Amino acid sequence: MKQYDLIVIGTGSAMNIVDAMIQQNPKIRVAVIDKDEPGGICLTRGCIPSKILLYPAELVRTIERSAELNVHAEIKKVDFEKVMDRMRSLIGREIDQIRQGLLSSENIDYYRDVAEFVSPYTMKVGREIITAKMIFLCTGSRAIIPPIKGLDNIEYLTSDTLLKLKQLPESVAIVGGGYIAAEYGHFLSSMGSNVTIIGRNPQFLPDEEPEISELAMEELGKHMCIFTNLEVKEVKQESGKSGNKIKEDKRGKIVIVAEDKKTGQSKRFEAEKLLIATGRGPTNDILHPEKGGVRLDKDGWILVDEYLQTSQPNVWALGDADGKFLFKHVANYESQVLYYNAVLGKKVKTDYHAIPHAVFTYPEIAAVGMKEKQAVEEFGKEGVLIGYYKYEDTAKGEAMALSRYFVKAILKHDSLKILGAHVIGPYASIIIQEIINVMYTPEQSGWVVNDAIHIHPSLSEVVQRAFQSPMTVDQYHEMLDHERKHRISKAI
Ligand SMILES: Cc1cc2nc3c(=O)[nH]c(=O)nc-3n(C[C@H](O)[C@H](O)[C@H](O)COP(=O)(O)OP(=O)(O)OC[C@H]3O[C@@H](n4cnc5c(N)ncnc54)[C@H](O)[C@@H]3O)c2cc1C
């Protein structure tokens, strides 16, 4: 049995701590285990490849609207094969570097295999039995595959396998209405595919504010068909017409049968490819955590305390594995907390009061902290103010000919403390950052955003102005209703 100072499962954010530990203790012996390519999900099949693909998509949509600004540009060709190759080569290069680093480290034994507990502090990796007094479980998550009739009998894509595509499918149906569905729907449609999104929730992008989801659905809906509130009941591969010269055609289209959850009406869709994007779930079962004295919650995520320690002393978990927030920046943050607690012996509690996220569609969406409903539940309607400003009402927004995009800030009425913020529009993920930063100061005061001088004329002014004239919750909804009625009357 091989003995280590530390066993680490997962080569994503866990590696932040391993690097620091090696610098601190050049004699440390670490077993690093990952059953997949090294680098973790973010690099190998998550954030980074998807964002490499989404940038060309953003260019396509930007060029398409250039005529609105009297620049008559035309897209001659979108070379899907090369867009995909570029992504694979950039990712491949980084994976190779990480692999080399792992293999050449004198402190690390790198195992590309599945790890499972055989008893507390002891694990089986391939044929090897290894043990350590300290273990980091950083196992990530995996795509949830829903139990849809017929799904087992057809070939479908997930966010993992989509990255292997070489040819642009003529049409793609995406089951799911969350951020992965939205981002890949945006990518594939901008490349030229006919995309249909089939969401189960009544709200497209259900984690966003309703008015943001509504606008995103309208804008993205200009390039793809988006359905909500549909339960997919069955999928099947049609047999193609014989004699077709294109091999793919012989297989025929994939047929998706869904039921409207409200009316019970049946709907039928057809597409060349099917992408299942119905969320992410835990992957901790393969660890056999029960043999290691590690408890899971009812959904299968690893239970950790506020210091990130599991039910077994000195066995720690971070990132997606604990199921709290499935974002790379949260995994990175938790790797810091874990380092303080497990390695430096401090007692630093995790703090999730201002967890941001973004959806990299066109328009971009970003949010942090509480939603309006949550704030009203906690502080009552009277306890909350809402700041709102539209991009188009700033000089830069006007210059960019933007319309309807906005910043919404949720504030505490008595102190103007920032409770949350929600943005839809260009650079949402960047312009929200000043709000996030203030949310990490002791007072989290909206006055900081209000009082700080903002560069004129920059898009950051839309953030400041949202904080300058906050409304009551009722006034905010009256204003939204008024805007909606105005739009309808203009359209008629
Ligand atoms: C399509 C997509 C897009 C995304 N986009 C974003 C984004 O834009 N921004 C963002 O913040 N987040 C994004 N994410 C989420 C982000 O990728 C994850 O939150 C992050 O990678 C989690 O890191 P981690 O360190 O917890 O796990 P990782 O280290 O990344 O993954 C765990 C690794 O452990 C391996 N493993 C698991 N169990 C075992 C075992 N028993 N034995 C051996 N190996 C095992 C897994 O195979 C995996 O390689 C995206 C995810 C996806 C799927």
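Residues numbered from 1 in each chain as written. Predicted model: local features only at pLDDT ≥ 70, side-chain atom pairs only at ≥ 80, totals over all residues. Heavy atoms only, no water.

1. Quick word on the overall build of the chain
- When you go through the chain residue by residue, the secondary structure sums to 15 helices and 24 strands.
- What you see for the chain is a C-alpha radius of gyration of 25 Å, in line with the 23 Å of a compact globule of 492 residues.
- Projected onto the principal axes, the alpha-carbon positions of the chain cover approximately 75 × 70 × 45 Å.
- Looking at the chain as a whole, 49% of its 492 residues qualify as buried. (Helix = DSSP H or I, 4+ residues; strand = E, 2+ residues; numbered from the N terminus. Rg over C-alpha atoms; globule rule 2.2 N^0.38 Å. Buried < 20%, exposed > 50% of the residue type's maximum accessible area, 1.4 Å probe, protein only.)

2. Re the packing of aromatic side chains
- Counted under the stated rule, the structure contains nine aromatic pairs.
- Relative to Tyr111, the ring of Tyr4 lies with its centre 6.5 Å away and its plane at 85 degrees, an arrangement referred to as edge-to-face. Of the two residues, Tyr4 is situated in strand S1 (residues 2–4) and Tyr111 in strand S4 (residues 108–111); the sequence distance between them amounts to 107 residues.
- A residue is classified by how much of its surface remains accessible, and Tyr4, at 5% relative accessible area, is buried.
- Owing to a relative accessible area of 11%, Tyr111 belongs among the buried residues under this scheme.
- Between the aromatic rings of Tyr339 and Tyr340, the centroid separation amounts to 6.4 Å while the plane-to-plane angle is 55 degrees, which identifies the pairing as tilted.
- We classify Tyr339 as buried; its relative accessible area is 18%.
- What makes Tyr340 partly exposed here is its relative accessible area of 32%. (Phe/Tyr/Trp six-rings, centres within 6.5 Å; stacked < 30°, edge-to-face > 60°.)

3. What about helix H8 (residues 328–343)?
- The first and last C-alpha atoms of H8 sit 21 Å apart over 16 residues, in line with the 22 Å expected at 1.5 Å per residue.
- For H8, every residue scored as buried is listed here: Val330, Ala331, Glu334, Ser335, Val337, Leu338, Tyr339, Asn341 and Ala342.
- Tucked into the core, H8 has its buried residues touching helix H1 (14–24), strand S8 (135–137) and strand S18 (315–317).
- Looking one or two residues beyond H8, the residue adopting positive phi is Gly345, at roughly 70 degrees. (Expected span 1.5 Å × (residues − 1). Contact = heavy atoms within 4.5 Å.)

4. Topic: the domain arrangement of the chain
- Domain boundaries in the chain define domain 1 (2–143 + 281–343), domain 2 (151–278) and domain 3 (363–491).
- Once you take the C-alpha centre of each, domain 1 and domain 3 turn out to be 34 Å apart. (Domains from an automatic or database assignment.)

5. Comments concerning the sheet that holds strand S10 (residues 171–175)
- In spatial order, the strands read S12-S11-S10-S16; together these four strands make up an open sheet with parallel pairing. Unpaired on one side and paired on the other, strand S12 (225–227) and strand S16 (273–276) mark the two borders of the sheet. This sheet shows a mean twist of 15 degrees between the axes of neighbouring strands, independent of strand direction.
- Sheet topology note: the S10/strand S11 (residues 194–198) ladder contains five bridges and is parallel. In the sheet register, Ser171 faces S11, and the bridge partner there is Asn194.
- Running over the sheet, helix H5 (residues 179–191) touches S10, S11 and S16 and is turned about 165 degrees from S11. (Pairing = 2+ DSSP bridges. Axes fitted to C-alpha atoms, helices over the stretch in contact; angles between N-to-C directions.)

6. Some thoughts on unusual backbone geometry
- The peptide bond linking Tyr362 to Pro363 adopts the cis configuration, its omega dihedral lying at 10 degrees.
- Mapped onto the elements, Pro363 comes out in the loop between strand S19 (356–359) and strand S20 (365–369).
- Residues His456 and Pro457 are joined by a peptide bond in cis, for which omega reads -5 degrees.
- Tracing the chain through its elements places Pro457 in the loop between helix H13 (446–451) and helix H14 (460–468).
- In this structure, Tyr121 takes a positive phi of about 65 degrees despite not being glycine.
- Considering the arrangement of structural elements, one finds Tyr121 in the loop between strand S5 (115–119) and strand S6 (122–125).
- A residue is classified by how much of its surface remains accessible, and Tyr121, at 22% relative accessible area, is partly exposed.
- Backbone geometry places Tyr427, a non-glycine residue, at a positive phi of 60 degrees.
- Mapped onto the fold, Tyr427 is located in the loop between strand S23 (418–424) and helix H11 (428–431).

7. A closer look at the confidence of the model for the chain
- Overall, the predicted model of the chain reaches an average pLDDT of 96, with 98% of residues at or above 70.
- Note on residues 243–248: pLDDT under 50 across the span, and four contacts to partners over four residues away in sequence or across chains. (pLDDT = per-residue confidence, 0-100.)

8. A look at the sheet that holds strand S22 (residues 406–412)
- Spatially, the six strands line up as an open sheet ordered S19-S20-S23-S22-S21-S24, and their pairing is antiparallel. The open sheet has two edge strands, S19 and strand S24 (471–472), and neither has a second partner.

9. A few points about the packing of H1 against H8
- Between H1 and H8, the shortest axis-to-axis distance is 9 Å and the interhelical angle comes to 35 degrees. Crossing angle aside, the handedness with which H1 passes H8 is right-handed. In this structure, H1 uses Asn16, Ile17, Ala20, Met21 and Gln24 to contact H8, whose residues at the interface are Asn332, Ser335, Leu338, Tyr339 and Val343.
- Grouping the amino acids of the contact of H1 with H8 by side-chain chemistry returns six nonpolar, four polar and no charged. (Left-handed = near helix turned anticlockwise from the far one by under 90°. Nonpolar A, V, L, I, M, F, W, Y, C, P; charged D, E, K, R; others polar.)

10. So, the site of the ligand
- In the vicinity of the ligand, 37 residues are found, and the nearest of them are Gly12, Asp36, Ile41, Lys51 and Asp320.
- One nitrogen or oxygen atom from the side chain of Asp36 is found 2.5 Å from an oxygen atom belonging to the ligand.
- A distance of 3.3 Å is found between a nitrogen atom of the ligand and a side-chain nitrogen or oxygen belonging to Tyr179.
- Taking 1,000 Å² as the accessible area of the ligand by itself, protein coverage stands at 97%.
- At the level of elements, helix H2 (40–45), helix H3 (47–64), H5 and H8 are the ones that each hand at least two residues to the shell around the ligand.
- For the shell around the ligand, the element with the highest residue contribution is H2, accounting for four residues.
- When residues of the shell around the ligand are sorted by domain, at least three fall in each of domain 1 (2–143 + 281–343) and domain 2 (151–278). (Near = heavy atom within 4 Å. Polar contact = N/O pair within 3.5 Å; in protein donor to acceptor, adjacent residues only side chain to side chain. Areas by Shrake-Rupley, 256 points an atom, 1.4 Å probe, with all protein chains shown as cover.)

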